[in-house]
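One letter stands for each residue in the lines below.
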Amino acid sequence: MAPEHPEMDEQTFQQVLSRLPINVRVPRSLQGLLTPDEITASCYADQRQFARFNKLSRGLLKRDEQRPSEEDAPAWHLVLITDISRLGIGLLHSEPLAPGPERNLWISGPENVRFHVVRCTRVNDQCYRIGARLTEPFQAKSLRRL
């Protein structure tokens, strides 16, 4: 599988992605999040400082080492990225992620971002909507590459 080091080349990233099933069961009510790339409209009550872009993509998340693991549990989880901005990212995951520890997310082979979970909402037994704050802001060139 992938190396323990937080960097991963594109070929390894694609190999790991190709072996992982998509375990997230997205309900119809959230399928609007799975739209082509577009900017998300803000509303008056919105606290966002930067534009948020709908960005349907797959990402790799390392299994949470702090949770008791099952022997046959994969070391990696495939998550769906639904939107991204300079300071945050929206994910759909088949398992809950508790706020707290800093985590690594690979969004393309060489692109690794660190984040903290801000909120995790259960949608169904195989879908959790996660809002995360990035440890370091995305640069515009990184957003274009995604």
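Look up: the structure comes first, before these words.
Throughout, residues of each chain are indexed from 1 in the direction in which the sequence is written. Thresholds applied to this predicted model are a pLDDT of at least 70 for local features of residues and 80 or more for the giving and counting of side-chain atom pairs; totals over whole chains, interfaces and linings are not thresholded and use all residues. Heavy atoms from the whole structure form the basis of all side-chain values; hydrogens and water molecules are not counted.

Draft legend 1. Representation of the overall build of the chain within the structure. The helix count covers DSSP runs of H or I at least four residues long, the strand count covers runs of E at least two residues long, and both are numbered beginning at the N terminus. Each helix and strand in the chain was counted, giving 2 helices and 7 strands. Going residue by residue from the N terminus, the α and β elements of the chain occur as α-β-β-β-β-β-β-β-α. Considering only contacts within the chain whose residues lie at least 6 apart along the sequence, 56% involve residues at least 24 apart. When the accessible area of the chain is evaluated, it comes to approximately 8800 Å², of which 49% is carbon and sulfur surface. We call two residues in contact whenever any of their non-hydrogen atoms come within 4.5 Å of each other. For the area figures, the Shrake-Rupley method with a 1.4 Å probe applies, and any residue is considered shielded solely by the protein chains shown.

Draft legend 2. Expanded view of the pattern of salt bridges. Any carboxyl oxygen of Asp or Glu that lies within 4 Å of a side-chain nitrogen of Lys or Arg is treated as forming a salt bridge with it. All chains considered together, the criterion is met by 2 salt bridges. As a salt-bridge pair, Asp125 and Arg25 come within 2.7 Å of each other at their nearest N and O atoms. Of the two residues, Asp125 is situated in the loop between strand E6 (111–124) and strand E7 (127–134) and Arg25 in the loop between helix H1 (10–19) and strand E1 (38–40); the sequence distance between them amounts to 100 residues. Taking relative accessible area as the criterion, Arg25 reaches 40% and is therefore assigned partly exposed. For Glu102, the salt bridge goes to Arg114, with nearest N and O atoms at 2.5 Å. Residue Glu102 is found in the loop between strand E4 (88–93) and strand E5 (103–108), and its partner Arg114 is found in strand E6; the two are separated by 12 residues along the sequence. Here's how the labels work: a residue is buried when its accessible area is under 20% of the maximum for its type, exposed when over 50%, partly exposed in between, all with a 1.4 Å probe on protein chains only.

Draft legend 3. How the structure looks around the pairing of E7. Along E7, 6 of the 8 residues are buried, which leaves the element largely enclosed by surrounding structure. In this analysis, strands are considered paired if DSSP registers two or more bridges between them. The pairing of E4 with E7 spans 6 bridges and is antiparallel. Bridge pairing in E7 places Gly88 opposite Arg133. Where E6 meets E7, 8 bridges bridge the pair, whose relative direction is antiparallel. Its bridge partner lying in E7, Val117 is registered against Ala132.

Draft legend 4. Up close: the nonpolar core. Side-chain atoms within 4.5 Å are what join buried Ala, Val, Leu, Ile, Met, Phe, Trp, Tyr and Cys residues into a set we call a nonpolar core. Counting residues in each nonpolar core, the largest one holds 16 residues, and the members touching the most others are Ile89, Leu91, Leu105, Ile107 and Phe115. The set of elements that each furnish at least two residues to this core consists of strand E3 (76–85), E4, E5, E6 and E7. Residue contacts for Leu91: discarding those within four places in its chain leaves Val79, Leu80, Ile81, Thr82, Leu105, Phe115, Tyr128, Arg129 and Ile130. Membership of the second largest hydrophobic core comes to 15 residues, among which are Phe13, Leu20, Leu30 and Trp76.

Draft legend 5. Spotlight on the pairing of E3. Counting buried positions over the 10 residues of E3 gives 10, a clear majority of the element. By the bridge criterion, 4 bridges tie E3 to E4 in an arrangement that is antiparallel. Its bridge partner being in E4, Asp83 is matched across the sheet by Gly90. Between E3 and E4, which follow one another and run antiparallel, lie 2 residues.

Draft legend 6. Region of interest: the environment of His116. The topology assignment puts His116 in strand E6. Note on His116: relative accessible area 33%, which makes it partly exposed. It is 5.4 Å that separates the C-alpha atoms of His116 and Arg133, two residues lying 17 residues apart in sequence. With residues near it in sequence (within four places) discarded, His116 still touches Gly100, Pro101, Glu102, Gly131, Ala132, Arg133 and Thr135. Within polar-contact distance, the side chain of His116 engages the backbone oxygen of Gly100 at 3.1 Å. Two N or O atoms count as a polar contact when they lie within 3.5 Å, although within protein this holds only if one can serve as hydrogen donor and the other as acceptor, and sequence-adjacent residues are included solely when both atoms are side-chain atoms.

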